[in-house]
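Commentary on secondary and tertiary structure
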Amino acid sequence: MSAIKNRYDFILYFDVENGNPNGDPDAGNMPRTDQETGLGLVTDVCLKRKVRNYIEAACEGQEGFRIYVHQGTPLEKGDQEACKYVGVDAAKLKDAKKKDPEIDRKLLSFMVQNFFDIRTFGAVMTTFVKGSLSCGQVRGPVQLGFARSLDPVLPQEVSITRSTVTTEKEAETKNTMMGRKYIVPYGLYRVEGYISANLARRVTGFSEEDLDLFWKALINMFDMDHSAARGNMAARKLIVFRHDSELGNAPASALFDRVKAVRRDATKAPRAYGDYEITIDRENLPEGVTIEEML
């Protein structure tokens, strides 16, 4: 598959109802917020994890669509697999590069051909970094920012009870156990993203097939991620700006400014997606830029 030839910029709106979209481990796993504005935050790392999980489930067993950053799997396992493929000792990469100047290219070629998330997001491949190879840190063509809620969110602490106990000793003294979890009653979040055709061509080979899978992942990733902690989460709108060139025809910021979301009734606290109206300014688009609503 050949690399994509067009730059893309995109906006994804998603919402959460009575759930915790992204807990902060430094704050007792409370939903992340901007302390100055009270707006809710979801990190790019969190969203990329959901994309990886979707691809892993949707492409299970398919060659070329493995996941490199995988929970519970050491990163060096994939690195060592690449070393074995090109016939070098992972502990002697510096010596191998002296003998074969093409070792960087060979190792990178194996990794991007086999791992979808390296083709997409790039990666830090620890074994290659330690071996002083230039292919150790790869910048991927797809990048996401932090998602931010449109309005301030007020995380709430909900007390819960558990009717079972863990040990025989607890059974003698307790009938129930108390606990707590944090929720956001409702929040509509917006995340902006960028896809570089230039990096796809020069570095990872991110293809049209990869792009189609990425859009599907953004639309469906929350349906693969339901849990008691996250409540009801769903992708609501995906707006894509397609450029007719590799480097782009307009600044991403100017395109993003064309998309606005406002509350229909500013006097009421939002509690549903229908409480917002999202509009797109399609007038006088820069030449070579088209808009597609994928959701």
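Preceding this section is the structure that the text describes.
Keep in mind that what you see is a predicted model, and the values were worked out from it rather than measured. (Residues numbered from 1 in each chain as written. Predicted model: local features only at pLDDT ≥ 70, side-chain atom pairs only at ≥ 80, totals over all residues. Heavy atoms only, no water.)

Among the nonpolar cores identified, the biggest contains 41 residues, and Phe14, Ile195, Phe214 and Trp215 are the most heavily contacted of them. The biggest single contributor to this core is helix H9 (residues 208-220), with six residues. Look past the residues within four positions of Phe214 in its chain and what remains in contact with it is Phe10, Val51, Thr120, Phe121, Val142, Ile195 and Phe206. (Core = buried A, V, L, I, M, F, W, Y, C linked by side-chain atoms within 4.5 Å. Buried < 20%, exposed > 50% of the residue type's maximum accessible area, 1.4 Å probe, protein only. Helix = DSSP H or I, 4+ residues; strand = E, 2+ residues; numbered from the N terminus. Contact = heavy atoms within 4.5 Å.)

It is worth spelling out helix H1 (residues 44-58) at this point. Compared with the 21 Å implied by 1.5 Å per residue over 15 residues, the 21 Å span of H1 between its first and last C-alpha is a close match. Listed as buried for H1 are Asp44, Cys46, Leu47, Lys48, Lys50, Val51, Arg52, Tyr54 and Ile55. (Expected span 1.5 Å × (residues − 1).)

The tally for this structure, following the rule as stated, stands at twelve aromatic pairs. Pairing Tyr8 with Trp215 gives two aromatic rings, centres 6.0 Å apart and planes at 75 degrees, and the pair type is edge-to-face. Here the residue Tyr8 occupies a position in strand E1 (residues 8-19), and Trp215 occupies one in helix H9, the gap between them amounting to 207 residues. Look at Tyr68 and Phe115: their rings are 5.6 Å apart centre to centre, the planes differ by 70 degrees, and that puts the pair in the edge-to-face class. Residue Tyr68 is found in the loop between H1 and helix H2 (75-86), and its partner Phe115 is found in the loop between helix H4 (103-114) and helix H5 (116-121); the two are separated by 47 residues along the sequence. Through pairs of rings, three or more aromatic residues link up here, namely Tyr8, Phe10, Phe121, Phe214 and Trp215. The ring of Phe65 carries Arg119 above its face, with NZ or CZ at 5.3 Å from the centroid. (Phe/Tyr/Trp six-rings, centres within 6.5 Å; stacked < 30°, edge-to-face > 60°. Lys NZ or Arg CZ within 6 Å of the ring centre and 35° of its normal.)

Turning to the pattern of salt bridges, a few remarks are in order. Two side chains of opposite charge can pair, provided their charged atoms sit close to one another. For the structure on display, the rule yields 20 salt bridges. Residue Arg52 pairs with Asp117 through a salt bridge whose shortest N-O separation is 2.9 Å. With Arg52 in helix H1 and Asp117 in helix H5, the pair connects residues that are 65 residues apart, well separated along the chain. On the basis of relative accessibility, which here comes to 0%, the residue Asp117 falls in the buried class. We note a salt bridge from Asp225 to Arg230, for which the minimum N-O separation is 2.8 Å. Assessed through its relative accessible area of 12%, Asp225 is described here as buried. Of the residues examined, Arg230 reaches a relative accessible area of 24% and is grouped as partly exposed. One connected set of salt bridges, linked through shared partners, spans Lys50, Asp225 and Arg230. (Salt bridge = Lys/Arg side-chain N within 4 Å of Asp/Glu carboxyl O.)

It is worth spelling out the packing of H1 against H9 at this point. Relative to each other, H1 and H9 sit at 110 degrees, their axes nearing to 9 Å. Comparing their axes, H9 and H1 come out roughly perpendicular. Of the two elements, H1 crosses H9, and the hand of that crossing is right-handed. Residues Val51, Tyr54 and Ile55 of H1 touch H9, and the partners they reach there are Leu213, Phe214, Lys216, Ala217, Leu218 and Asn220. Per-class residue counts for the contact of H1 with H9 are seven nonpolar, one polar and one charged. (Axes fitted to C-alpha atoms, helices over the stretch in contact; angles between N-to-C directions. Parallel < 35°, antiparallel > 145°, perpendicular 65-115°, else oblique. Left-handed = near helix turned anticlockwise from the far one by under 90°. Nonpolar A, V, L, I, M, F, W, Y, C, P; charged D, E, K, R; others polar.)

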